[in-house]
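This is what each chain is made of:
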Amino acid sequence: MLSKHFSEHNFVSGHTACSGCGQSLAARLVVDAAGKNTIATSATGCLEVFSTKAPQSSWNIPWIHSLFENSAAIASGIESALRYLGKIDNIRVISQGGDGGTADIGLQALSGMLERGHDVLYVCYDNEAYMNTGIQRSGLTPLQANTTTSPPGKVSFGNPKLKKPMVEICAAHHIPYSASASVGYPQDLQKKVKKALSIRGPKYLQIHCPCPLGWRYDPSLTLEIARLAVQSGLYPLVEYEYGKLSKVFKVPKPKPVEEYLKLQGRFRHILNKKEELAKIQQVADKNIEYYQLK
Amino acid sequence: MREFLEGSQAIAKAVKLAKPGVISAYPITPQTHIVEGLAQFVADGELNSEFVNVESEHSAASVVLGAEACGVRSFTATSSQGLILMSEVLFNIAGMRLPVMLVCANRALSAPINIWNDHQDSIALRDSGWIQFYAENHQEAVDFILQGYKIGENPKIMLPVMVCIDGYILTHGMEVVDIPSPELVDKFLPPYKPPYKLDVEEPLSFGLLGDPTVYMETRYAIQETLKDVLKMIPEISVEFEKIFGRRSLRLVEDYKTEDAEIILVAMGSVCGTIKDVIDEERDKGRRVGLLKIITYRPFPKEEILDILKKARFVGVIEKAVSLGSDGPLYTEISALFGASKDLPQISGFVAGLGGRDITKDAIKEVIELTLKERKSCIFMDLNKELLWEDFRVI
Amino acid sequence: MFSILVAKAGSSKDNKTGSWRSVKRPKFLQKDCIGCGLCKLICPEACVEGEKKNTYAPDYDYCKGCGLCAYICPKKDIEMISEE
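Trainee: I keep staring at the overall build of chain B and nothing clicks. Help me out?
Mentor: A tally of regular secondary structure across chain B gives 13 helices and 16 strands. At 21 Å, chain B has a C-alpha radius of gyration in line with the 21 Å of a compact globule built from 394 residues. For chain B, the spread of C-alpha atoms along the principal axes amounts to about 65 × 50 × 45 Å. Expressed as a percentage of the 394 residues in chain B, the buried residues total 51%.

Put into structure tokens, the structure is as follows:
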């Protein structure tokens, strides 16, 4: 007899994500919050690979994966078809991609979709590197993170760049809603999904998803690490509406970034380097000031 | 109704008759008039379609992929760089068995950048699993679109169709063409009813990970389906004739080949010029003929063999070359004869690249060269002054 | 002719990922549970079922033993025990 959880959820058991995978949790929280009248797309990446190895699928809603950079364009086509069929008011369209498939190779299609005003919620699962291909650096890899293409070495401290400000880039398209969330705060995440889907027009939601394999930590720490990222100010949870910052998740007593970094193997190389640590603390401090998180 | 139309307008009207629900395209010369014509129909309320102005060809192909996956008939058009940019998506569409319709206004590939006609763009996609038709004139363009939708959307086929038309020659040239009435088109082309689609009532997952244990069969299935397309084309053609009163889509068209000693092979609008030359040569007593290939993919091997084996000399003229080897059409035709003893002598000619005019004189020269020793790849009408041993700046 | 093209919704149920567990498994004590449902909310495998207080339990056919349920339980009513 089939367990109840197979009919209750829109993303079900049996997928081959790593134990403790933040993205698999985020994906389920998103499509569960969206409900059964939802069509979803995915870019190439961990999520589609571990959820749809032929002939199986973990998706309990209609779902399509095409290529790496076109999730938003496929979603635009689905939305246009639903509009033509007169079904766009009853069916939600969610376009999904990882940080690479969104901020790098998928940026063009995403920007086009936002500009054209399609009624689609775009969700970026931000695990801060190209995880599916083996932990390579992406446009959303944070400062000093160790990835295979931004490794620390004799003349390097890891990734030398800051995260591309995707929430602001999307907000600059003057879309009704652009926000960030974290698997560490699952209820806030689902609230934001429901809020976004209640709005007609293009929406963007970026979700911080810790990755046990890529960030090098024990799977049981996924939620704690996600919370520390928010509590340190390194991953601010914000909401923009029509281009203006409207709400932030307050962090009245921000934790020092070291508490977040020391749990992850990808930052191990800078824990004993005060100058490099200070650079990361500066990023957090700037966020706290800019978004008035305190 | 017979109208004197620019090719692009005729094509736009044909697409309008097919009633796609989603149209998406990105502008590129010389396809622009086609999508501009469609945009005007939509703007005037004459065509109920979602017209999606995308930010690149890659997205245009992706939008129509998404729309077809939802069970909505769609349309896109492009040329040259656009076709190559969206090539990743085109392979994806064929693999996903979605009957997208694409009109390719054939144009040369960069570099150097060149906006004039040759076949290199669509020929480069011959491995993709797309059905490909090459139109000689405006009427064929119109008719191939209508028949292409019907073939592609057949539930046993479910493959995308590319109707190739020579850029500028067919897109911007003007001809008298019959635009069928909506009533007749509706009789011939029923609404699209896919055997699978994205549907909240019956959720399915598309675009799976296919590992080595399953991938090969998916390609074999397309290969076998394309063989079914070869059989289906003549049947659709008969059905079309019953309703519209003319035969147009065929696998090949043979022009004065029954007793021909020399047969030329070509695709597209150049066939019109070749037919004129053949008439002139026949008047002089020469037994020349033309084998016009209309359906390039699937490649109608039997039909081509049946006609060419009668000749003693064959000259393949094509507007493409597989650099480092020979013209692709020449290569595929030579392969048909294998180790046959009675094969005609086949020579290959590359002409008209980057829009260089293929003149009647050039075709006559091809006939003469075909009679001489066999050569696999002769470039016609080269300007020797533009060829230098070493790099120089002029 | 066709081959594998689509997958049925939820067909991954045939893949019993519970076999992945080798070190730890969660033990739901069902003692101090307040029925908050957080364990069910955050399971990446979607394999925790339950509706009311002290009714929550994992489906060991799919549980990978990640331990997120034990971490999130506000009453510490879930323990990670050895898989043996």
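Trainee: So what exactly am I meant to see when it comes to the overall build of chain A here?
Mentor: Looking only at helices and strands, chain A features 12 helices and 10 strands. For chain A, whose C-alpha radius of gyration is 18 Å, the value lies close to the compact-globule estimate of 19 Å for 294 residues. C-alpha extents for chain A along the principal axes are approximately 60 × 45 × 30 Å. Expressed as a percentage of its 294 residues, the buried residues of chain A come to 62%. Relative to all contacts within chain A whose residues are 6 or more apart in sequence, the contacts with residues 24 or more apart total 68%.

Trainee: Honestly, the interface of chain A and chain B in this entry has me stumped. Any pointers?
Mentor: Accessible area lost upon the coming together of the parts is a frequently used measure of interface size. Facing 36 residues of chain A, the contacting portion of chain B comprises 35 residues. Elements represented by at least two residues in the side of chain A that touches chain B include exactly strand 2 (63-65), helix 4 (71-85) and helix 6 (107-116) of chain A. Taken together, the residues that form the side of chain A that touches chain B break down as 19 nonpolar, 13 polar and 4 charged.

Trainee: Looking at this structure, how should I read the sheet that holds strand 4 (residues 74-78) of chain B?
Mentor: Sheet strands associate in pairs through backbone hydrogen bonding, adopting either a parallel or an antiparallel arrangement. Residues and elements named next belong to chain B. The mixed open sheet is built from 7 strands, whose spatial order is 3-2-4-5-7-6-13. The open sheet has two edge strands, strand 3 (50-53) and strand 13 (295-297), and neither has a second partner. Averaged over all pairs of adjacent strands, the angle between strand axes in this sheet comes to 20°, irrespective of strand direction. Pairing of strand 2 (residues 22-25) with strand 3, which is carried by 4 bridges, proceeds in the parallel orientation. Paired with Ala25 across the strands is Asn53, a residue of strand 3. Contacts from helix 2 (residues 32-43) reach strand 2, strand 3, strand 4 and strand 5 (101-106) within the one sheet, and its direction differs from that of strand 3 by about 135°.

Trainee: I would appreciate a short explanation of the environment of Asp14(C) in the present structure.
Mentor: Inspection of the secondary structure puts Asp14(C) in the loop between strand 1 (6-8) and strand 2 (24-28). In the structure, Asp14(C) is positioned 27 residues away from Leu41(C) in sequence and 22 Å away in space, judged by C-alpha atoms. Among residues more than four places away in sequence, those in contact with Asp14(C) are Gly14(A) and Gln56(A).

Trainee: Even after reading the chapter, I still don't get the interface of chain C and chain B, so can you show me in this structure?
Mentor: Counting residues at the interface gives 9 residues for chain C, matched by 14 residues for chain B. For the side of chain C that touches chain B, the class distribution of residues is 7 nonpolar, 1 polar and 1 charged.

Trainee: Please clarify how helix 12 (residues 328-337) of chain B should be interpreted in this entry.
Mentor: Quick reminder: α-helices carry 3.6 residues per turn. Residues three or four places apart thus point the same way. All names here are of chain B. All of the buried residues in helix 12 are Pro328, Leu329, Tyr330 and Ile333. In this structure, the buried side of helix 12 is in contact with helix 6 (120-123), strand 11 (262-266), helix 11 (301-308), strand 14 (313-318) and strand 15 (345-350). Phi turns positive, to about 50°, at Gly338, one or two residues after helix 12.

Trainee: Explain the domain arrangement of chain B to me, please; I cannot follow it from the model alone.
Mentor: All names here are of chain B. Assigned domains of chain B: these are domain 1 (2-244) and domain 2 (252-385). Here domain 1 and domain 2 have C-alpha centroids that lie 27 Å from each other. Listed by partner, the interface residues are 26 residues for domain 1 and 21 residues for domain 2. Looking at the side of domain 1 that touches domain 2, the elements with two or more residues in it are helix 6, strand 6 (131-134), strand 7 (161-166) and helix 9 (215-244). By residue number, the principal contributor to the side of domain 1 that touches domain 2 is helix 9, which donates 5 residues. Here the residues of the side of domain 1 that touches domain 2 are counted per class, giving 15 nonpolar, 6 polar and 5 charged.

Trainee: So what exactly am I meant to see when it comes to the sheet that holds strand 9 (residues 238-241) of chain A here?
Mentor: Here we have 10 strands laid out as an open sheet, ordered 10(A)-9(A)-7(A)-8(A)-4(A)-3(A)-1(A)-2(A)-9(B)-1(C), and mixed in their pairing. Pairing within the sheet leaves two strands with one partner each, and these edge strands are strand 10 (244-248) of chain A together with strand 1 of chain C. The sheet shows a mean angle of 20° between the axes of neighbouring strands, taken without regard to direction. Judged from the 5 bridges that link them, strand 1 (residues 38-42) of chain A and strand 3 (residues 92-98) of chain A form a sheet pairing that is parallel.

Trainee: Before we go on, may I ask you to explain the packing of helix 7 (residues 138-153) of chain B against helix 9 of chain B in this structure?
Mentor: For any two helices packed against each other, one specifies the crossing angle of their axes together with the interaxial distance. Residue and element names in this part refer to chain B. Two elements in contact, helix 7 and helix 9, have axes whose closest approach is 10 Å; the angle formed by their N-to-C orientations is 125°. Overall, the two elements helix 7 and helix 9 adopt an arrangement that is oblique. Note that helix 7 runs across helix 9; the crossing there is right-handed. Contact residues: helix 7 offers Asp143, Gln147, Lys150 and Ile151, while helix 9 offers Val229, Met232, Ile233, Ile236 and Phe240. Its residues assigned to classes, the contact of helix 7 with helix 9 shows 6 nonpolar, 1 polar and 2 charged.

Trainee: Just checking my understanding: could you explain helix 1 (residues 7-18) of chain B for this structure?
Mentor: Residue and element names in this part refer to chain B. Taking 1.5 Å per residue as the helical rise, helix 1 with its 12 residues ought to reach 16 Å, and the 17 Å between its terminal C-alpha atoms agrees with that figure. Among the 12 residues in helix 1, 12 count as buried, and that is most of the element. By the burial criterion, the buried members of helix 1 are Gly7, Ser8, Gln9, Ala10, Ile11, Ala12, Lys13, Ala14, Val15, Lys16, Leu17 and Ala18. Among the residues trailing helix 1, Lys19 stands out with phi positive, at a value near 55°.

Trainee: For this particular structure, what's the right way to read the packing of helix 4 of chain A against helix 6 of chain A?
Mentor: All names here are of chain A. Two elements in contact, helix 4 and helix 6, have axes separated by 7 Å at closest approach and are oriented at 35°. Residues Ala72, Ala73, Ala75 and Ser76 of helix 4 touch helix 6, and the partners they reach there are Ala109, Leu110, Gly112, Met113 and Arg116. Residue composition of the contact of helix 4 with helix 6, grouped by class: 6 nonpolar, 2 polar and 1 charged.

Trainee: Hey, could you run me through the confidence of the model for chain B in this one?
Mentor: Interpretation of the predicted coordinates at a detailed level should be avoided for regions scoring low in pLDDT. Mean pLDDT for chain B: 97, with 100% of residues reaching 70 or above. As scored by the predictor, the complex reaches a pTM of 0.96 and an ipTM of 0.97.

Here is what the cut-offs are and how they apply
Residues numbered from 1 in each chain as written. Chains lettered and ligands numbered in written order. Predicted model: local features only at pLDDT ≥ 70, side-chain atom pairs only at ≥ 80, totals over all residues. Helix = DSSP H or I, 4+ residues; strand = E, 2+ residues; numbered from the N terminus. Rg over C-alpha atoms; globule rule 2.2 N^0.38 Å. Buried ≥ 20, exposed ≤ 12 C-beta atoms within 10 Å, placed from the backbone. Contact = placed C-beta atoms within 7 Å. Nonpolar A, V, L, I, M, F, W, Y, C, P; charged D, E, K, R; others polar. Pairing = 2+ DSSP bridges. Axes fitted to C-alpha atoms, helices over the stretch in contact; angles between N-to-C directions. Domains from an automatic or database assignment. Parallel < 35°, antiparallel > 145°, perpendicular 65-115°, else oblique. Left-handed = near helix turned anticlockwise from the far one by under 90°. Expected span 1.5 Å × (residues − 1). pLDDT = per-residue confidence, 0-100.

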